[in-house]
Amino acid sequence: MDLEQETADRFLSVIAAHKGIIYKVASFYCRQAEDRKDLIQEIIYQLWRSFRQYNEQYRLSTWMYKVALNVSISFYRKDKRRQERMGPLTDSILDLAPDSEPPETERHLQLLQQFINELPSLDRALMILYLEGKSYREIAEILGLTDTNTATKISRVKDKLKRKFLTVNN
Amino acid sequence: MEDTELKSLWQAYDQKLERSLALNLHLVKELQTQKARSALRRLAWYKVLLIALGLMWTAILGWLMYRLYTPGLISFTISAGMVILFNLVGIASYIRHLVLIHRIDNSNSVLATQKHLAELQASTLRVMRILYLQLPFYTTFFYTREMFIQGGLWFWLSTVPVTLAFTAASIWLYRNIRQENAHKKWFRRMFDGPEWTPVTQAIAFLEEIDAFEREDVVKK
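Calculation criteria
Residues numbered from 1 in each chain as written. Chains lettered and ligands numbered in written order. Predicted model: local features only at pLDDT ≥ 70, side-chain atom pairs only at ≥ 80, totals over all residues. Heavy atoms only, no water. Helix = DSSP H or I, 4+ residues; strand = E, 2+ residues; numbered from the N terminus. Rg over C-alpha atoms; globule rule 2.2 N^0.38 Å. Contact = heavy atoms within 4.5 Å. Areas by Shrake-Rupley, 256 points an atom, 1.4 Å probe, with all protein chains shown as cover. Lys, Arg positive; Asp, Glu negative; His and termini not counted. Charge placed at Lys NZ, Arg CZ, Asp CG, Glu CD. Buried area = accessible area lost by both parts, 1.4 Å probe. Salt bridge = Lys/Arg side-chain N within 4 Å of Asp/Glu carboxyl O. Polar contact = N/O pair within 3.5 Å; in protein donor to acceptor, adjacent residues only side chain to side chain. Nonpolar A, V, L, I, M, F, W, Y, C, P; charged D, E, K, R; others polar. Pairing = 2+ DSSP bridges.

Draft legend 1. Quick peek at the overall build of chain B. What chain B contains, in helices and strands, is 10 helices and one strand. Seen in sequence order, chain B has helices and strands lined up from the N terminus as α-β-α-α-α-α-α-α-α-α-α. Since a compact globule built from 220 residues should have a radius of gyration of about 17 Å, the 26 Å found for chain B marks it as more spread out than a globular shape. Summarising its shape, the C-alpha atoms of chain B cover approximately 90 × 45 × 30 Å along the three principal directions. Restricting the contact set of chain B to residue pairs at least 6 apart, pairs at least 24 apart contribute 72%. In the form shown here, chain B has an accessible surface area of approximately 12,700 Å², with 64% of it arising from carbon and sulfur atoms. In chain B, 25 side chains carry a positive charge and 18 a negative one; their mean positions are 10 Å apart.

Draft legend 2. A look at the interface of chain A and chain B. Taken residue by residue, the interface counts 75 residues in chain A and 55 residues in chain B. Of the roughly 6,200 Å² buried between chain A and chain B, counting both surfaces, carbon and sulfur atoms make up 59%. Among the residues chain A hides against chain B, the three largest losses belong to Tyr45(A), Arg77(A) and Leu122(A). Together they make up 12% of the total. Counting every contact that joins chain A to chain B gives two salt bridges. Among the ionic pairs, Asp3(B) bridges to Lys158(A), the shortest N-O distance being 3.5 Å. At the junction of chain A and chain B, the tally comes to 18 residue pairs in polar contact (both at pLDDT 80 or more). Here the element with the most residues in the side of chain A that touches chain B is helix H4 (residues 60–77) of chain A; it accounts for nine residues. The residue makeup of the side of chain A that touches chain B, split by class, is 34 nonpolar, 18 polar and 23 charged. Pairing analysis gives three bridges linking strand E1 (residues 94–96) of chain A to strand E1 (residues 21–23) of chain B, with the strands arranged antiparallel. The residue bridging Asp95(A) from the neighbouring strand is Ala22(B), located in E1(B).

By themselves, these observations are geometric and do not establish any function.
Given below as structure tokens:
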């Protein structure tokens, strides 16, 4: 097997193992299913472009979050004409099959998604990383903040989310 | 809702994705074979278009300067020369932007990459304000020595005031077209339209990044 093929196969296994990261980030920056399909395609394409330069001294997930968040925030800011730019692929790379949670969990999940979606794009990135269980140091590295202040920002955004839940539940 | 509840809700979402998310490997393989596609292609093409238009205009003016050169029409040579100079500054800036677009790396930190990108989009405005400085030279193309000597009242009351008005307007635009004025009414009117939307959105996003960073610095 040549090196090129080996890299391509390794990339496929990385994507398969971390597909959840891509889907989660894309779904919080793009709620429309059609646009999300394009965004997921763009994230995977940019990951592939950057894969050969991936520096193994960093965690794979750190690299993936940086690329996925950067592509998603840029995509989110573009106007609707972006669809003209996309390639010929018409099917979805990532498909979410119907799957229902208990009604209460489902309702809370929808609210959480809605509330995170309402946050400014940078706060949104911060919250996604926090809920993903990333350490403050890793969040600071991905976003480019100082790690001492990441905690303060997280606490502020978390309070905002909690207040929103409180408003709905009362 | 408490912290632990938020996290367990997120875990429920994670498990849901784990159960139901299917990856289409065939499509990923297709993406791997696509070459030289860039999300920034439109921004790069826009800069290339401006470079091409700038070069065309510079070539036309250069040709006219060569063809029309006479000692009696020295003002045309000077005016066209100044316009060419401003155009060359614009062209050089856009070439620099193209280089910067190709250097954008999505695997850098989110704030650094997004700031870089937004600055690139907003920089169109910075070039524009420099280009506005060439405006008065368009009114002096056909000034001659005779006009100053024999032009009379008509020349001093109609032609010269136009040049002075263009000079004042270009200096005012140069000084006032800046990010801090993006919220002002005249600015929004002037840069209203689909071609300016990415630029004005980039300015707004730069402010959001600045606020995010400033908060970080203040708390240090």
